[in-house]
Amino acid sequence: MQELGRLEDLPKDYVHDLRELNLVPLWPSLRGVLPPNIPTRHTQPTHWAYKTLRPLLLKAGELTPIEKAERRVLVLANPGHGLEKMQASAAIYLGMQLLLPGEWAPSHRHTPNAVRMIVEGDGAYTTVDGEKCSMSRGDLILTPTGTWHEHGHEGNQPVIWLDVLDLPLVYYMEASYHINGDKQSVLPGEGDKKYTRSGLSPSPAFERGNKAYPMLRYPWVEAKAALESIANDAPDQEHVQLTYINPETGADAENILGFYAMMLRQGQTLRLPARSPAQVFHVIEGSVQVKIVDHDFTLIEADTCCAPGYEAITLTNMSKSSPCFIFIADESPLHKKLGVYESRG
Ligand code: GTQ
């Protein structure tokens, strides 16, 4: 490949004159922004073990009252991006949030889309645009762009969940902001009750299609039962995975990030092809070995790891006797909308 001219090859006063006029020569930086064959990725394979994170999050509960935090979160930051950037990948933000019994995280809405994957505890809820969504382990709750959301806790043990937002992307686009609101009144009705049977949408017709996000809570009991029935029905099917979708449109549940539940049979190894989006793995039940390039992580329940795009990943269920269930978040909807999605096999 042709070596291009370097900045040092240019006369200093010429470079100075350019800079004075806010001009930059492209050729010294061309290979940096358009590297050959494969993009530069700052996202490093990174593993966050729940057992080391949890005591520090509970400590935050002692150190910082909810009024001083609004959202009491430890951010799972990828060192490859610099910790202060608070990003797991180019588009994905991850945070572990703690809410103690009786606490309330006040209502707000913001431009980034969020979801919560409930990790531990019972009795907490998120109210999203007036819909009270109860939180149990493994449930996925959406708070899409612009929706009001607040968190409350009526139980008696700490509740912890994983926040997944597209904040890094929306911030990079200079489109990230929030608005505070009043405590919401809870309206009757729960979207997940209307969509308990796939292939059946609630009628009458005027109820349909008038909500951009008709389903806000995806109970784990339903997702797990669906995975198990696919696995039973198709014993030879290697890749047992479900996508969280909008039940009215069939599109991904949110616009930018994609969310999936995967089941690995006992002892199973599954190779995922190298695809352009970065992804995050979070163990709901069981344990899995995740091989990403030269990293080899063993994830047990409630552990989380992230992987850069353009790398094949091998997952192995560590148990010879039980299935493993994994929650996955990735940047596929974004890559597909931008037209840059690739799978390299
Ligand atoms: O719960 O609304 O981890 O606004 C980051 C920003 C959680 C939330 C985060 C947020 C929230």
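Residues numbered from 1 in each chain as written. Predicted model: local features only at pLDDT ≥ 70, side-chain atom pairs only at ≥ 80, totals over all residues. Heavy atoms only, no water.

Caption draft 1: The layout of surface pockets, seen in detail. The volume enclosed by the largest pocket comes to roughly 920 Å³. Put simply, the parts of the chain that give the lining of the largest pocket at least two residues each are α5 (167-172) and α8 (332-338). Broken down by element, the lining of the largest pocket gets its largest block of residues, 5 residues, from α5. Class assignment for the residues of the lining of the largest pocket results in 16 nonpolar, 9 polar and 3 charged. The computed volume of the second largest pocket comes to approximately 610 Å³. Looking at the second largest pocket, it is lined by 20 residues, and the ones nearest its centre are Tyr195, Ser198, Met215, Tyr218 and Ile245. Going through the elements one at a time, α7 (220-233) and β13 (240-243) are the ones with two or more residues in the lining of the second largest pocket. (1 Å grid on protein atoms, 1.4 Å probe; cavity = no way out; pocket = protein on both sides within 12 Å on 5 of 7 lines; lining within 4 Å. Points joined across faces, edges and corners; volume = space filled by probe spheres on them. Helix = DSSP H or I, 4+ residues; strand = E, 2+ residues; numbered from the N terminus. Nonpolar A, V, L, I, M, F, W, Y, C, P; charged D, E, K, R; others polar.)

Caption draft 2: Here's a closer look at the site of the ligand. With respect to spatial proximity, the complete set of residues near the ligand consists of Arg71, Val73, Tyr93, Gln97, His108, His110, Arg116, His149, His151 and Asp163. For the ligand, an oxygen atom lies 2.8 Å from a polar atom in the side chain of Asp163. Burial of the ligand by the protein chains amounts to 89% of its free accessible area of 290 Å². Within the residue set of the shell around the ligand, elements represented by two or more residues are β3 (93-99), β4 (104-110) and β9 (149-153). Looking at side-chain class alone, the shell around the ligand contains 2 nonpolar, 5 polar and 3 charged residues. (Near = heavy atom within 4 Å. Polar contact = N/O pair within 3.5 Å; in protein donor to acceptor, adjacent residues only side chain to side chain. Areas by Shrake-Rupley, 256 points an atom, 1.4 Å probe, with all protein chains shown as cover.)

Caption draft 3: Representation of the nonpolar core. One finds Leu94, Met96, Leu140, Val164, Tyr244 and Phe259 to be the most contacted residues of the largest nonpolar core, which totals 57 residues. When residues in this core are grouped by element, the largest group, 5 residues, is from strand β10 (residues 159-165). Of all hydrophobic cores here, the second largest spans 19 residues; its members include Leu272, Phe297, Ala307 and Ile328. (Core = buried A, V, L, I, M, F, W, Y, C linked by side-chain atoms within 4.5 Å. Buried < 20%, exposed > 50% of the residue type's maximum accessible area, 1.4 Å probe, protein only.)

Caption draft 4: Quick look at the pattern of salt bridges. On inspection of all chains with the given rule, the structure shows 15 salt bridges. In this structure, Lys224 and Glu285 form a salt bridge, with 3.0 Å as the shortest nitrogen-oxygen distance. One end of the pair, Lys224, is in helix α7; the other, Glu285, is in strand β16 (residues 279-285), and 61 residues separate them in sequence. What makes Lys224 partly exposed here is its relative accessible area of 22%. Note on Glu285: relative accessible area 23%, which makes it partly exposed. A cluster of three or more residues bridged by salt bridges with shared partners is formed by Asp139, Asp192 and Arg217. (Salt bridge = Lys/Arg side-chain N within 4 Å of Asp/Glu carboxyl O.)

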